[in-house]
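Structural overview
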Amino acid sequence: MEVMEEATEFVLSHPSAEKSGWMGHTDLWEVKEEHMRARILSILAYTGAGLTLLIAVCVPFVLFQSFSNVVAHAGLHIDPTYSGGTIARTIQRDGYRIVVYQTVKPRLLERAEPFVQIVFEPADSLPARVSDEVDLDGDGRPDVRISFSVPADATAKMHGDVTALNGGYVSLANVADESFSRMVVRAGNQIVVRVPVK
Amino acid sequence: MASQSSSLRRPVAFRGVGRSILLTLPIALWSLLMFTPSFQRSGLDLRIASAVTIVFMTTLFFLMMRTGETYRWRRIFFVAVGFLFPFGFIASLIAERGSMSIPVSRMVSGDTPFCFMVTPSLILPAAFARTIIFPGSILPTASNPRSIAAMIGIWFAMTLVLGKAWCSYACFFGGIEEGFASFAKRPRLHKLVVRYSHILRLVPWAILVFVVLVSAAIFEPVYCMWLCPFKAVTEFPAVRNVETAIQMGIFVALFVGLVVVLPYLTKKRTQCGFFCPFGAFQSIFNKINLFEIRFNREKCVDCTLCQTSCPTVALSKESIAEGKTLLNCMKCGACVDVCKKDAAVWHLKGTPVAVKPERARLLFLYGAWAMATMFGGSILANSVATMMHWLPWK
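Residues numbered from 1 in each chain as written. Chains lettered and ligands numbered in written order. Predicted model: local features only at pLDDT ≥ 70, side-chain atom pairs only at ≥ 80, totals over all residues.

**With respect to the overall build of chain B**
To be explicit about the condition: Per the convention used, a helix needs a DSSP run of H or I reaching at least four residues, while a strand needs a run of E reaching at least two, with both numbered from the N terminus. Neighbour counting defines burial: a residue surrounded by 20 or more other C-beta atoms within 10 Å of its own C-beta is buried, one with 12 or fewer is exposed, and intermediate counts give partly exposed, using backbone-placed C-beta atoms. Once C-beta atoms are placed from the backbone, any two residues with those atoms within 7 Å are in contact.
Each helix and strand counted, chain B has 19 helices and five strands in total. Its C-alpha atoms give chain B principal-axis dimensions of about 60 × 50 × 40 Å. Here chain B, with 394 residues, has 57% of them falling under the buried criterion. Pairs at least 24 residues apart make up 75% of the contacts formed inside chain B by residues separated by at least 6 positions.

In C-alpha cells, the structure reads:
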C-alpha cells in the first residue's frame, strides 16, 4: 500500500501527469506502471551518466590511445599528392641515393597534375652542386636531368632545373615550390623534386 | 557578456564553503593527476605554469559550486584558452621554423600539425578511398607530435563525454570570439540576428555539406585551404603565388569579420553559430550525449531572456515553447544562469524535467571540467610557460 501511495504521489508530482489528464480516470495499476517506467528510465539515465564519467576518467589513460590505435591501424594512407606516393626503386650514387617514386595520377576532379617524386638523400651528403640524369620509368634509359645547388643553410629557399630527356615529362626552369606537382625543396635531410608527367 | 553577468540570478552564495570545497575535491585531484607528468619533466617554467593552471582550474570549479553559476566561470577559462593558445602555438612555430606560414616542404614531409576542424572533410575520402586528404602524418613523429591518429583519438574520446559541449569546454578557437563578444556592453545588431536567426543557424550545416562534398570531390581539405578564419592566428600555407595570397586574404577577412567585429557587435559567437562546419558536425553528437538543457514550462514566463543570452542562437520561441533547446546547444549554461524564474534547468535525459537539476549539472560538469582540465588546461600551461620564457628578466 505504501508503494502505491508513493507511486501516486510521484505521478501527481510529475509534470506530464496534469498534461496527460490521467487524474480521475486512471487506475492505480497504470499509476504503478508509470512509476516503474519512470524509475527504470531514471536508473538507466544515471547508469549512463556514471558511464560517461567513467569514460571521462578513462580518456587520458586508455581511450585516447585506443582510439588513436584504431585510426593508425585502419589501413589509411596520406593522399599521394602530399606524401609523394609509393617508392618504385632506389638508385645508389657515390655518397648519396636517389629514391624514385611511382607516378602519382590525381583523381578525376583533383587539381594537381600527374607527377613523379624523386628524393635525393641524405641532403647533408650531397655535393654542393648536383646534376643527375635519372631513369624514372625503369626502362634503363634516363628520362630527366635534374640540377640544383644545395645551399649550406638548410632553411634557405632552393631552386632547381629539370630537363626532360623524353616527351613523357615536363621540363622545369628555376623551379622552387610552385605547386605540389612542380617543386625542388628541402624537407629535413632530403631534397624533394617533383616532375610533372605529360 | 557584461550585461549577462550583471543580470545573473544568484547574487548570494548558492552553497556553503565547506560543501563547495568537498565537491571541488575530485577536480583538484584530477588536476594534480593531469599535471604530474609536467612536474616530473625538467623546466621550471612549465612546472610553475602547471601549478598556476591547477590552481586556476580548481578555483573556477570551486566558484561554479559556490555560486551555482556555470557560464561566467566557464567563460573565464574558455577565453583564457582562446587568447593564450595562439601565443603558445605561434611561439612554437617560430621557434621551430621561424615563421607562422607552413612551407610546401613541410607539407610534403608530413609535418603539418593536425587540427580537429578538418575531421568532417576526411570522412568520405577515408571511407571510400582509404586516403587521408591532409598533409600530416598518421603516427606521431619527432617533428610532428600532433599526428592525425592522436588528434582524432583525443577528439573522439572527448566527444563521447561532451557531445556538442566540445564547443564550449574544449575548442581552443571559440574562446577568441567569446572574448571579443564579451568586450561590448550591449549588442548593436541584436534585432538583425534575432530576425534572421532561423536562416543563420542553418548556414553552418550548409557549409558542412559543401566542404565535405567538395573536399571528397577534389581531394583537398577545402575548409583548411580556403575558409578557416583561425588560420590567421595559427598557421597558414606560405604565400608563394596568387592563389595562396587570395587564401591568406580570405583567412584574415573571415577572422576580422566573424571572430572580432561581428562578435563585438552582436555579443554572439558568430563564427561558431553562423559559420563553423565543425560545430554543425559536433551538434550531431548531442543526440548521443545524455546531458541537455530543458525548460520547465510551468515556471517559464516567456521573457526570452534565455534566447537573448544564448551565444549561438540555439534557442527559438518554438523550442522554448516545447521546453527544449535546438540541436546546436553547446551547454555553456548562459540560459540557465540568466533565467530569473529557474525555468531553464540542466537535465539528464531519461529523468523527469526540473527534478534534481543540480544533480544533472554536477554530473555533467564533472565530466566536462575533467576534459577541460586535461585538454584546455594543458594548452593553458604550455602557453603560460611559453610566455614566462619571454619574460625580460629571464
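Next comes the rest of the write-up.
**Let's talk about the overall build of chain A**
The helix and strand tally for chain A stands at four helices and eleven strands. Across chain A, every contact between residues at least 6 apart in sequence was considered, and the portion connecting residues at least 24 apart equals 45%.

**Some points on the packing of helix H6 (residues 119-129) of chain B against helix H11 (residues 203-218) of chain B**
Two quantities define a packed helix pair, namely the angle between the helix axes and the distance between the axes. Residue and element names in this part refer to chain B. Spelled out, the test is: Axis lines are fitted through C-alpha atoms, for helices just across the contact stretch, and the angle between N-to-C directions can take any value from 0 to 180 degrees. When an angle is under 35 degrees it counts as roughly parallel; over 145 it counts as roughly antiparallel; between 65 and 115 it counts as roughly perpendicular; any other value is oblique. By the definition used in this description, the sense in which the near helix is turned from the far one sets the handedness, with an anticlockwise turn below a right angle giving left-handed and a clockwise turn giving right-handed. Classification convention: Asp, Glu, Lys, Arg as charged; Ala, Val, Leu, Ile, Met, Phe, Trp, Tyr, Cys, Pro as nonpolar; all other residues, Gly among them, as polar.
Packing of H6 against H11 leaves a shortest axis separation of 8 Å and a crossing angle of 40°. As summarised for this structure, H6 and H11 are arranged oblique, according to the angle between their axes. Regarding H6 and H11, the two cross each other, and that crossing is right-handed. Here Pro 120, Ser 121, Ile 123, Leu 124 and Pro 125 of H6 come into contact with H11, specifically with Leu 208, Val 211, Val 212, Ser 215 and Ala 216. The residue inventory of the contact of H6 with H11, partitioned by class, reads eight nonpolar, two polar and no charged.

**Considering the interface of chain B and chain A**
Stated precisely, the cut-off is as follows: Each pair of strands is called paired provided DSSP finds at least two bridges between the two strands.
On the side of chain A, 44 residues touch chain B, which itself brings 48 residues to the contact. Of all the secondary structure elements, the ones that give two or more residues to the side of chain B that touches chain A are helix H5 (104-108), strand E2 (131-132), helix H7 (148-162), H11 and helix H19 (357-389) of chain B. The biggest single contributor to the side of chain B that touches chain A is H7 of chain B, with eleven residues. Residues belonging to the side of chain B that touches chain A are distributed by class as follows: 34 nonpolar, ten polar and four charged. Relative to E2 of chain B, strand E1 (residues 77-78) of chain A is paired through two bridges, and the arrangement is parallel. Looking at E2 of chain B, one finds that His 77 of chain A is bridged to Thr 131 of chain B.

**So, the sheet that holds strand E11 (residues 190-196) of chain A**
Residue and element names in this part refer to chain A. The six strands are arranged E2-E3-E4-E11-E10-E9 in an open sheet whose pairing can be described as antiparallel. Since the sheet does not close on itself, it has two edges, and those belong to strand E2 (87-92) and strand E9 (177-179), each with one partner. In this sheet, neighbouring strand axes are inclined to one another by 25° on average, regardless of whether the strands run parallel or antiparallel. Strand direction decides the pairing type here: strand E4 (residues 115-121) and E11, joined by six bridges, are antiparallel. Bridged to Phe 115 within E11 is Pro 196.

**Digging into the nonpolar core**
The condition is simple: What makes a nonpolar core is a set of buried Ala, Val, Leu, Ile, Met, Phe, Trp, Tyr and Cys residues, with links drawn between C-beta atoms within 7 Å.
Ranked by internal contacts, the top residues of the largest apolar core, which has 171 residues, are Met 158, Cys 335 and Met 371 of chain B. When residues of this core are assigned to their parent elements, the largest contribution, 17 residues, is made by H19 of chain B. In this structure Met 158 of chain B touches Val 59 of chain A together with Trp 166, Ala 170, Met 371 and Phe 375 of chain B, once residues within four positions along its chain are discounted.

**Quick word on the confidence of the model for chain B**
Residues and elements named next belong to chain B. Our working rule: Scored from 0 to 100, pLDDT reflects the predictor's confidence in each residue.
Averaged over every residue, the pLDDT of chain B is 91; residues scoring 70 or more account for 96%. Note that pLDDT drops below 50 for residues 1-8; the model gives that stretch 16 contacts with residues more than four away or on any other chain. The complex prediction reports pTM at 0.88, with the ipTM value standing at 0.87.

**With respect to the sheet that holds strand E7 (residues 160-164) of chain A**
Residue and element names in this part refer to chain A. Within the open sheet, the four strands sit side by side as E5-E6-E7-E8. Their pairing is antiparallel. Either end of the sheet is taken by a strand with one partner, and the two such strands are strand E5 (129-134) and strand E8 (172-175). Going across the sheet, the axis of each strand differs from the next one's by a mean of 10°, ignoring polarity. Across six bridges, the pairing between E5 and strand E6 (residues 144-149) is antiparallel. What sits directly across from Val 130, in E6, is Phe 148.

**Considerations on helix H2 (residues 17-40) of chain B**
Working note: α-helix, 3.6 residues per turn, so residues spaced by three or four point in the same direction. Quick note on the threshold: Multiplying 1.5 Å by the residue count of a helix minus one yields the expected span of that helix. The bend at a residue is defined as the angle formed between two axes, one fitted to the seven residues ending at that residue and one fitted to the seven starting there.
Relative to the 34 Å expected for 24 residues at 1.5 Å per residue, H2 of chain B spans 32 Å between its end C-alpha atoms, a close match to the ideal helical length. The largest bend in H2 of chain B amounts to roughly 40° and is located at Thr 24 of chain B, with the proline Pro 26 of chain B lying one to four residues further along.

**Quick look at H11 of chain B**
Residues and elements named next belong to chain B. Our working rule: For this quantity, the arc is that covered by the directions from the helix axis to the C-beta atoms.
Here H11 is 16 residues long and its end C-alpha atoms lie 22 Å apart, about the 22 Å a rise of 1.5 Å per residue gives. For H11, the set of buried residues is Pro 204, Ile 207, Leu 208, Val 211, Val 212, Ser 215 and Ala 216. For H11, the angular spread of buried residues about the axis comes to 150°, placing them on one side. In this structure, the buried side of H11 is in contact with H6, helix H12 (222-227), helix H14 (270-274) and helix H15 (277-283). Looking one or two residues beyond H11, the residue adopting positive phi is Phe 219, at roughly 55°.

**Section: the packing of H2 of chain B against H19 of chain B**
All names here are of chain B. In contact at an axis separation of 10 Å, H2 and H19 are set at 35° when each is read in the N-to-C sense. Like other packed secondary-structure pairs, H2 and H19 cross with a definite hand, here right-handed. Mapping the contact onto sequence places Pro 26, Ile 27, Trp 30, Ser 31, Met 34, Phe 35 and Ser 38 in H2 and Tyr 366, Trp 369, Ala 370, Thr 373, Met 374, Gly 377 and Ala 381 in H19.

**A word on the environment of Ser 31 of chain B**
Residues and elements named next belong to chain B. Structurally, the position occupied by Ser 31 is in helix H2. What makes Ser 31 buried here is the crowd of 24 C-beta atoms within 10 Å. Sequence separation of Ser 31 and Ile 54 is 23 residues, and the distance between their C-alpha atoms is 5.5 Å. Other than its neighbours up to four places away in sequence, Ser 31 contacts Ile 54, Met 57, Thr 58, Thr 373 and Gly 377.

**Concerning unusual backbone geometry**
All names here are of chain A. Cis geometry is adopted by the peptide bond preceding Pro 122, which originates at Glu 121 and carries an omega value of -10°. Looking at the secondary structure, you find Pro 122 in the loop between E4 and E5. The phi angle at Asn 174 is positive, at roughly 50°, despite the residue not being glycine.

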